[in-house]
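Topology and contacts: notes
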Amino acid sequence: MTATLRRPPPPPARSARPRRQRLAADPAARGEAWLWIAAGALALAVLMIAGLLALILVQGLGTFWPGELVRVERGAETALLGEVEKSELYRATPESLGVRRRMLRTANFDLTGTHFHWVSDTEITREERPQWAIVAERSDGWGRFQGELVGWSVDGQLVERDPQRALAACAAEHARAAERLERRAELVQDEIGAANRAQEEARIELQRSLREHGPGAAAHRLLVERSDAEQALRDRQVAAWTEEIQALDAENARHALVLRAPDGREQPIAVDALVRAYPANQLGTLGRLGVYASRWLEFLTEEPRESNSAGGVWPAIFGTVVMTLIMTLFVVPFGVLAALYLREYAKPGPLVSFVRISVNNLAGVPSIVFGVFGLGFFCYLIGSSIDELLFSEALPNPTYGKGGLMWAALTLALLTLPVVIVATEEALAAVPNSMREGSYACGATKVQTILRIVLPRALPGITTGAILAIARGAGEVAPLMLVGAAKLAPKLLVDDTPPFLHPERSFLHLGFQIFDLGFQSQNSEAAKPMVYTTTLLLIAIIVLLNLAAVSLRTRLRRKFSANPF
Amino acid sequence: MQRLEPRAHQADTPRHGPLPRPSTATAPGTGAPVPGGPGDLGVPGAPDTQATTYHEVVGKEPAVIEIRDFSLWYGAKQALHAVTMPIAAGKITALIGPSGCGKSTLLRSVNRLNDLVDSVRIEGDMRLNGDPIYGRGVDVIELRKRVGMVFQKPNPFPMSIAENVVYSLRIDGVRDRTLLEEACERSLRGAGLWEEVKDRLPESALSLSGGQQQRLCIARAIAAEPEVLLLDEPCSALDPIATGRIEELMAELKGQYSILIVTHNMQQASRTSDFTAFMYLGRLIELGPTSEMFRLPLRRETEDYVTGRFG
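Residues numbered from 1 in each chain as written. Chains lettered and ligands numbered in written order. Predicted model: local features only at pLDDT ≥ 70, side-chain atom pairs only at ≥ 80, totals over all residues.

**Examining the overall build of chain A**
For chain A, the count of helices and strands is 17 helices and 13 strands. Projecting the C-alpha coordinates of chain A onto the three principal axes gives extents of approximately 120 × 90 × 45 Å. A burial count over chain A gives 31% of its 565 residues as buried. Counted over contacts in chain A with a minimum sequence separation of 6, partners at least 24 positions apart contribute 68%. (Helix = DSSP H or I, 4+ residues; strand = E, 2+ residues; numbered from the N terminus. Buried ≥ 20, exposed ≤ 12 C-beta atoms within 10 Å, placed from the backbone. Contact = placed C-beta atoms within 7 Å.)

Encoded structure:
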């Protein structure tokens, strides 16, 4: 106690203490505002991303859900039957009360010339949900048909009027029709396709022989005779197949589901044009889920129909993934080697700095410029040279001298190259020098040090670069429009003719599909749901590709740079 | 670029003569300089501080490395000034001195790790068991296999424990499994790590503790059966217990290997080494048996440094 009392009072230190108080009181110095600005920026970014994802998720997941069909009568005007797509309040004049109006997806484009109708509550005289309203999805190019069930007809005669039994008969015949359609596709694609290819090959062979032997030579005449004989045989075969196809078509055309449109017209829908028919107002939750799942399955595994606005996107999924993988195969080794030279071998100096700046700037070049370059360099220069050297008989039809999978992948590889180079360089720079010295001290050469120590250690960072490149490449559309993405690709990338994968063919791409559906199709409103779903799918695919790369990186990181400190 | 300045002690260390004679004769037992002896220059307070003071026993033992008039420049800056120093075979030689005095540079010159720095230029001569280290036609890779090195911070490679140990064999292209396994066990036993890691050889070396990692680096260095071990402050990143184990290990390895160790730790130098060399400002100031260097140093700088009065 006494010690405390006797302790001399602390020095006044006037100069120091008030200053510290001021510091604590000054909000600018404490950084409150700064903290709020930083946090706000992050929150805004998260909000925008979450909003975008939520919009795409809700719209994309809702597209395939089968809603109920509503029939509205509007006095003297024709009745409407459709799913409610949108509902909103509107005011005719500022002082009037709000009125609900709904957008019905009325379909029946062949009858009405439109897919949608707006209905205001004020014009409705009667509204009901007809028990046997049917949604029939057609593959004949007209989209959906909606109407009330009349019955099942064979050869133009109504044979079944009871709705339940009519639908059962339809389902049974639908399965048989699917078999017939399969046989038909087999005939068209495999048999007649093979005949056409053989014919084309024969033509090329004749041309080659003509060039080699001349028109009068005996060898050439022999070939012409043989080729004519073969052609005659092929013609007979094709005629037989065509006959079979016609028979199949005729059998399919006999059966039809007859629906009555809201305006009273009755419309038979041939069983082979029918993709799916369901009584929209009869389905329970399970039934709806079944339709929903079957639509998703169709979307993921089938080919598109009705100019991409319905059906599946399987070829586009395949094209996107294959193109991205080929691009990765090109860009990663190429970029890693370039970065290795820049970082490990090149002597630092103005030239290296210049190269580095140029690489960084390359990342800022608009992607369409890469597309133009790819078209000019890969398609028209290299592709044409390949055609002249290897496929000269097929000219003037280009084989490689046009947009295609290979050229698209190479163009995107070029586009994403800076990303890989920069990421790899950073990863290499992050490898501690003590690692290199340790290796040299063990008597390793530079190559051994790089291959055994530096690269494994840098692998996680290099993988990060690859992830960024994949994300960028899979989502890129603009250059693809020039170098290979197509609205319709009649020939698949993979088929049963050698070499099975055809890198010279143009392909469908999900990103391009989104652009094409949303902005180039005749009826954007009808295609809008598909735009959302395709977007959702594209994002999901990019996320999947990234997740795969991230898990790979985590494994590598655990293996090569776990640090116990 | 700065040139090598004229050396005052040239008479004591002829350029290509035999090993340097001690420039200061010492009275046996006392360690005190003999007044008026031939090496009177090195008496503390003598005007010529540029010269090296050698104790009498220096150079009497067979040397594994002979360093003669070795100077080194980083660009225009001279880091080593005509260092002449024998390193006794089978003994531990400690290099001490304040930071920046050139200890590590000298150490890294022995296995030519300084070659990695672009602007390095050297003068003088260095021999490993009679073979020149510098000069035309010297295979650096071969040289580094004869000189093992352990660094300040443990730097295990990102691979398994076993692969770390046999790295130098692997890069020589050894594929024989039994040979690799033998080398692995022998080196790990040599580094006193075998019992601790024998069951986890395929695990990542990065899962070991810091002290274990450093002993793994020693195992890696002795796997190639080098003639010399260079230790660059091997314990500065370790706790006292791990340090003690490394020091024990050094005592065990002595005799089989000649060890040159750089250390900042006076106790460590006095505990472990047979010879101590004190360096200051790129010059070798004094070289002698450790006991004499710490008890009766001949030069005032050394005395100031080892007693902690350096300033």
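**Considerations on the overall build of chain B**
Within chain B, the regular secondary structure consists of eleven helices and eleven strands. Counting only contacts in chain B whose residues sit at least 6 apart along the sequence, the fraction spanning at least 24 positions is 69%.

**Quick notes on the pairing of strand β8 (residues 157-160) of chain A**
Successive residues of a regular strand alternate their side chains across the two faces of the sheet. All names here are of chain A. The pairing of strand β7 (residues 144-154) with β8 spans three bridges and is antiparallel. Bridge pairing in β8 links V154 to Q157. Linking β7 back to β8 in an antiparallel pair, the connection comprises two residues, with D155 at a positive phi of about 55°. (Pairing = 2+ DSSP bridges.)

**Examining the interface of chain A and chain B**
In this complex, chain A contributes 21 residues to the contact, which on the side of chain B involves 22 residues. If you list the elements that add at least two residues to the side of chain A that touches chain B, you get α13 (433-441), α14 (446-475) and α17 (524-560) of chain A. Tallying contributions element by element places α13 of chain A first for the side of chain A that touches chain B, with six residues. Of the residues contributing to the side of chain A that touches chain B, the split by class is eleven nonpolar, seven polar and three charged. (Nonpolar A, V, L, I, M, F, W, Y, C, P; charged D, E, K, R; others polar.)

**Section: the sheet that holds strand β9 (residues 258-262) of chain B**
Residue and element names in this part refer to chain B. Sheet architecture is open: seven strands sit in the order β1-β11-β10-β4-β9-β8-β7, paired in mixed fashion. The open sheet is flanked by β1 (53-54) and β7 (147-150), the only strands paired with a single partner. In this sheet, strand β8 (residues 228-232) lies alongside β7 in parallel orientation, the contact comprising four bridges. Residue pairing for β8: V150 is matched across the bridge by L231.

**Here we look at the pairing of β8 of chain B**
Residue and element names in this part refer to chain B. Taking burial as the measure, the five residues of β8 include five buried ones, the bulk of the element. Both faces of β8 are covered, namely the face carrying V228, L230 and D232 and the face carrying L229 and L231. Pairing of β8 with β9 involves five bridges; the strand directions are parallel. Across the sheet, L229 pairs through a bridge with I259, a residue of β9.

**A short note on the packing of helix α9 (residues 314-345) of chain A against α14 of chain A**
All names here are of chain A. Interhelical geometry of α9 versus α14 gives an angle of 135° and a closest axis separation of 9 Å. Here α9 lies oblique to α14, going by the angle between them. Remark: the crossing between α9 and α14 carries right-handed chirality. Facing α9, whose interface residues are T320, T324, M327, T328, V331, V332, G335, V336, L340 and E344, α14 presents I450, V454, I462, G465, A466, A469, I470, G473 and A474. Grouping the constituent residues of the contact of α9 with α14 by class yields twelve nonpolar, six polar and one charged. (Axes fitted to C-alpha atoms, helices over the stretch in contact; angles between N-to-C directions. Parallel < 35°, antiparallel > 145°, perpendicular 65-115°, else oblique. Left-handed = near helix turned anticlockwise from the far one by under 90°.)

**Side note on the confidence of the model for chain B**
The predicted coordinates ought not to be read in detail in places where the model reports low pLDDT. Residue and element names in this part refer to chain B. In the predicted model, chain B carries a mean pLDDT of 80, and the fraction of residues at 70 or more is 84%. Long-range and interchain partners of residues 1-47, a stretch whose pLDDT sits below 50, account for 87 contacts in this model, where long-range means more than four residues apart. In the predicted assembly, ipTM is 0.81 and pTM is 0.75. (pLDDT = per-residue confidence, 0-100.)

**Section: the sheet that holds strand β4 (residues 116-120) of chain A**
All names here are of chain A. Spatially, β4-β3-β2-β1-β5 is the arrangement adopted by the five strands of the open sheet, whose pairing is antiparallel. Both edges of this open sheet fall to β4 and β5 (126-128), since each of them pairs with a single strand only. When the angles between neighbouring strand axes are averaged without regard to direction, this sheet yields 40°.

**Notes on helix α8 (residues 240-253) of chain B**
All names here are of chain B. If you check α8, its first and last C-alpha atoms are 20 Å apart, about what 14 residues at 1.5 Å a residue would give, namely 20 Å. Inspection of α8 places I246, L249, M250 and L253 among the buried residues, and these make up the whole buried set. Axial view of α8: buried residues confined to an arc of 105°, hence all on one face. Seen from the buried face of α8, the exposed residues on the opposite side, beyond 90 degrees, are P240, I241 and E248. Summarising the contacts, the buried residues of α8 are in contact with β4 (92-96), α5 (177-190), α7 (210-223), β8, β9 and α9 (266-272). One or two residues past the end of α8 sits G255, with phi positive at roughly 95°. (Expected span 1.5 Å × (residues − 1). Arc of directions from axis to C-beta.)

**Regarding unusual backbone geometry**
Residue and element names in this part refer to chain B. Of note, the phi angle at E233 is positive, near 45°, even though the residue is not glycine. Position of E233 relative to the elements: it lies in the loop between β8 and α8. Residue classification places E233 among the buried positions, given that 20 C-beta atoms sit within 10 Å. A positive phi angle, near 50°, is found at L281, a position not held by glycine. Considering the arrangement of structural elements, one finds L281 in the loop between β10 (275-280) and β11 (283-289). Since 16 C-beta atoms lie within 10 Å of it, L281 is described here as partly exposed.

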